[in-house]
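Observations on the three-dimensional arrangement
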Amino acid sequence: ILNVEQSPQSLHVQEGDSTNFTCSFPSSNFYALHWYRWETAKSPEALFVMTLNGDEKKKGRISATLNTKEGYSYLYIKGSQPEDSATYLCAPNTNAGKSTFGDGTTLTVKP
Amino acid sequence: DAGVTQSPTHLIKTRGQQVTLRCSPKSGHDTVSWYQQALGQGPQFIFQYYEEEERQRGNFPDRFSGHQFPNYSSELNVNALLLGDSALYLCASSSWAHGGYTFGSGTRLTVV
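Criteria and cut-off values
Residues numbered from 1 in each chain as written. Chains lettered and ligands numbered in written order. Predicted model: local features only at pLDDT ≥ 70, side-chain atom pairs only at ≥ 80, totals over all residues. Heavy atoms only, no water. Helix = DSSP H or I, 4+ residues; strand = E, 2+ residues; numbered from the N terminus. Rg over C-alpha atoms; globule rule 2.2 N^0.38 Å. Buried < 20%, exposed > 50% of the residue type's maximum accessible area, 1.4 Å probe, protein only. Areas by Shrake-Rupley, 256 points an atom, 1.4 Å probe, with all protein chains shown as cover. Lys, Arg positive; Asp, Glu negative; His and termini not counted. Charge placed at Lys NZ, Arg CZ, Asp CG, Glu CD. Phe/Tyr/Trp six-rings, centres within 6.5 Å; stacked < 30°, edge-to-face > 60°. Core = buried A, V, L, I, M, F, W, Y, C linked by side-chain atoms within 4.5 Å. Pairing = 2+ DSSP bridges. 1 Å grid on protein atoms, 1.4 Å probe; cavity = no way out; pocket = protein on both sides within 12 Å on 5 of 7 lines; lining within 4 Å. Points joined across faces, edges and corners; volume = space filled by probe spheres on them. Axes fitted to C-alpha atoms, helices over the stretch in contact; angles between N-to-C directions.

**Focus on the overall build of chain B**
For chain B, the helix and strand inventory stands at zero helices and eleven strands. Starting at the N terminus and ending at the C terminus, chain B contains elements arranged as β-β-β-β-β-β-β-β-β-β-β. Against the globule reference of 13 Å for 112 residues, chain B gives a C-alpha radius of gyration of 13 Å, in line with a compact fold. Overall, chain B is about 40 × 25 × 25 Å in size when its C-alpha atoms are taken along their principal axes. With 112 residues in all, chain B has 49% of them scored as buried. Here chain B displays about 5300 Å² of accessible surface, and carbon together with sulfur accounts for 47% of that area. Taken as two groups, the 8 positive and 9 negative side-chain charges of chain B have centres that lie 11 Å from each other.

**Structural notes on the packing of aromatic side chains**
Summed over the entire model, instances satisfying the criterion amount to 15 aromatic pairs over all chains. One aromatic cluster is present, formed by A:Y36, A:F101, B:Y35, B:F45, B:Y101 and B:F103 through successive ring pairs.

**Thoughts on the nonpolar core**
Grouped together as the largest cluster of nonpolar side chains are 22 residues, with contacts concentrated most on A:C23, A:L33, A:W35, A:F48, A:L75, A:Y88 and A:L107. Contributing elements (two or more residues each) for this core: β2 (10–14), β3 (19–24), β4 (32–38), β5 (45–50), β7 (62–67), β8 (72–77), β9 (86–93) and β10 (105–110) of chain A.

**A few points about the pairing of β10(A)**
All names here are of chain A. Burial along β10 is one-sided: the face carrying T105, L107 and V109 is buried and the face carrying T106, T108 and K110 is not. Strand direction decides the pairing type here: β2 and β10, joined by five bridges, are parallel. Paired with H12 across the two strands is T108, which belongs to β10. Of the strand pairs in this sheet, β9 and β10 are connected by three bridges, and their pairing is antiparallel. Within β10, the position partnered with T87 by the bridge is T106.

**Describing the layout of surface pockets**
Roughly 580 Å³ of volume is contained in the largest pocket. Along its surface, the largest pocket is lined by 27 residues, and A:W38, A:T40, A:A41, B:Q37 and B:R108 are the ones closest to its centre.

**Side note on the sheet that holds β5(A)**
Residues and elements named next belong to chain A. Taken in spatial order, the five strands line up as β2-β10-β9-β4-β5 in an open sheet, and their pairing is mixed. The open sheet is flanked by β2 and β5, the only strands paired with a single partner. The average undirected angle you get between the axes of adjacent strands in this sheet is 20°.

**Brief notes about the pairing of strand β7 (residues 64–68) of chain B**
Residue and element names in this part refer to chain B. In terms of strand pairing, β7 meets strand β8 (residues 74–78) through five bridges, oriented antiparallel. Among the inter-strand pairings, Q68 is bridged to a residue of β8, identified as S74. Linking β7 to β8, which pair antiparallel, is a turn of five residues; within it Y72 sits at a positive phi near 80°.

Just distances and angles here, no functional claims.
Written as structure tokens, this is what we have:
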């Protein structure tokens, strides 16, 4: 079983603040890492898929980096908005098929 | 939009009963994975089906079984329901070759 840790577990920020959170995973047998955003009462939505060490992906105000050698990925949100409030899940793969999810970081952005 | 569809959306069962949940994958996807999400936790992997076979399985008892049909749709069956089986059950489809999930909206199972 792959041990995936996300921190912090929850985060409360003010609108306009920038924030980041971490996903840690075993660095051996790495294949890919997925970030998902999960809003209340909706399905998890794919944000990024990252495969190469040093990968950086960006989507609007959200970006992510990947370090496969040390086994971590950071997700950054610049200038948080209330609509960014969600649980952010990371899911590394050790093979092409199965993802193992962390417990997520729940972000609350206060207006 | 041929996304992932799950049925039913909500279900209430009594302890000891059996339940079947259904999932139709996104068009073009051939792999279906099932996850259980208990309150306050991330999704826990139950099992994955590809080419009508169970390819991988998480740490769930044999009471949890599944099936994949030739059209790639899948069922999750749970026998002898326990109160602790109450959770959101998510189906995620993907391409076996490329990974990356598309999730359904889930089935909320309540065992009383």
